[in-house]
Amino acid sequence: MAYVYDDQNIFAKILRGEIPNDTVLETDHTLAFRDIQPQAPVHVLVIPRGPYVCYDHFAREASDAEIIDFNRAVGMVCKMEGLEDGGYRIISNAGEAGVQEVPHLHIHVLGGRGLGRMLQPAR
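All values reported here derive from a predicted model rather than from experimental measurement.

S.K.: Let's hear about the overall build of the protein chain: which residues, and what values?
M.R.: A tally of regular secondary structure across the protein chain gives three helices and five strands. For the protein chain, the N- to C-terminal ordering of α and β elements is α-β-β-β-α-α-β-β. Scaling as 2.2 N^0.38, a compact globule of 123 residues should have a C-alpha radius of gyration of about 14 Å, and the protein chain matches this with 14 Å. For the protein chain, buried positions account for 38% of its 123 residues. Here the analysis covers contacts within the protein chain between residues at least 6 apart in sequence; of these, 56% occur between residues at least 24 apart.

S.K.: Can you explain helix α3 (residues 64-80)? Please cite residues and give values.
M.R.: With 17 residues, α3 should reach 24 Å at 1.5 Å per residue; the first-to-last C-alpha distance of 24 Å fits that figure. Considered for burial, the residues of α3 that qualify are Glu66, Asp69, Phe70, Ala73, Val74, Val77 and Cys78. Its buried side turned inward, α3 meets β1 (23-26), β2 (30-34), β3 (42-48), α2 (55-61), β4 (88-91) and β5 (107-111). Residue Gly82 follows α3 closely and has a positive phi angle near 70 degrees.

S.K.: So what's going on with the pairing of β5? Which residues, and what values?
M.R.: The side chains of a regular strand alternate, residue by residue, between the two faces of the sheet. Among the five residues that make up β5, five are buried, leaving the element largely enclosed by the rest of the structure. Both faces of β5 are covered, namely the face carrying Ile107, Val109 and Gly111 and the face carrying His108 and Leu110. Summarising the sheet, β3 and β5 pair through five bridges and their orientation is antiparallel. Bridge pairing links Leu45 to His108 in β5. In this sheet, β5 lies alongside β4 in antiparallel orientation, the contact comprising four bridges. Bridged to Arg89 within β5 is Leu110.

S.K.: Could you give an account of the side chain of His43, naming the residues involved and the relevant values?
M.R.: Here His43 is to be found in strand β3. Residue His43 is classed as buried on the basis of its relative accessible area, which comes to 5%. A polar contact is formed between the side chain of His43 and the side chain of His108, at a distance of 2.8 Å. With sequence-adjacent residues up to four places away left out, His43 is seen in contact with Phe33, Arg34, Asp35, Gln37, Pro38, His108, Val109 and Leu110.

S.K.: Pulling in residues and values, what's your account of the layout of surface pockets?
M.R.: Taken as a whole, the largest pocket holds about 730 Å³ of empty space. Along the walls of the largest pocket sit 28 residues, with Asp35, His43, Glu101, His106 and His108 positioned nearest its centre. Take the lining of the largest pocket: its biggest share by element is three residues, from helix α1 (residues 10-15).

S.K.: Talk me through the pattern of salt bridges; I want residue IDs and the actual numbers.
M.R.: Under the defined criterion, the tally for this structure stands at five salt bridges. Between Asp22 and Arg34 there is a salt bridge, with its nearest N and O atoms 3.7 Å apart. Pair noted here: Asp22 is in the loop between α1 and β1 and Arg34 is in strand β2, with a separation of twelve residues, a long-range link. Look at Asp22 and you get partly exposed, because its relative accessible area is 45%. In this structure, Glu81 and Arg34 form a salt bridge, with 3.0 Å as the shortest nitrogen-oxygen distance. In this pair, Glu81 sits in the loop between α3 and β4 while Arg34 sits in strand β2, placing the two residues 47 residues apart along the sequence. Among the charged side chains, a salt-bridge network with shared partners connects Asp22, Arg34 and Glu81.

The rules we used
Residues numbered from 1 in each chain as written. Predicted model: local features only at pLDDT ≥ 70, side-chain atom pairs only at ≥ 80, totals over all residues. Heavy atoms only, no water. Helix = DSSP H or I, 4+ residues; strand = E, 2+ residues; numbered from the N terminus. Rg over C-alpha atoms; globule rule 2.2 N^0.38 Å. Buried < 20%, exposed > 50% of the residue type's maximum accessible area, 1.4 Å probe, protein only. Contact = heavy atoms within 4.5 Å. Expected span 1.5 Å × (residues − 1). Pairing = 2+ DSSP bridges. Polar contact = N/O pair within 3.5 Å; in protein donor to acceptor, adjacent residues only side chain to side chain. 1 Å grid on protein atoms, 1.4 Å probe; cavity = no way out; pocket = protein on both sides within 12 Å on 5 of 7 lines; lining within 4 Å. Points joined across faces, edges and corners; volume = space filled by probe spheres on them. Salt bridge = Lys/Arg side-chain N within 4 Å of Asp/Glu carboxyl O.

So this is what it looks like as structure tokens:
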């Protein structure tokens, strides 16, 4: 599948400085910021600075430097937010079936409380 990146999505606007954010971490290739509608006491979004729609797009097309930086940034956010001991969840939605709301790769880092089961058993 060929991904077409929409440079008018909200995360692209945040990266361009058109929309403010509560920054947690900035690196050469990554931005992490607090979610404006947190689903847990800690809810940080981690996004690459590059134009990637979802994780498989990023994994296939990003440079090694981008991939390393992004993954290290997720680890740094977990440490900075004190999630290493209590546990956390990382979620990345992709496409319509995955209920992706913003067409820019983003990882949700959630923690600070028990999060329950991720998915309910199929019936």
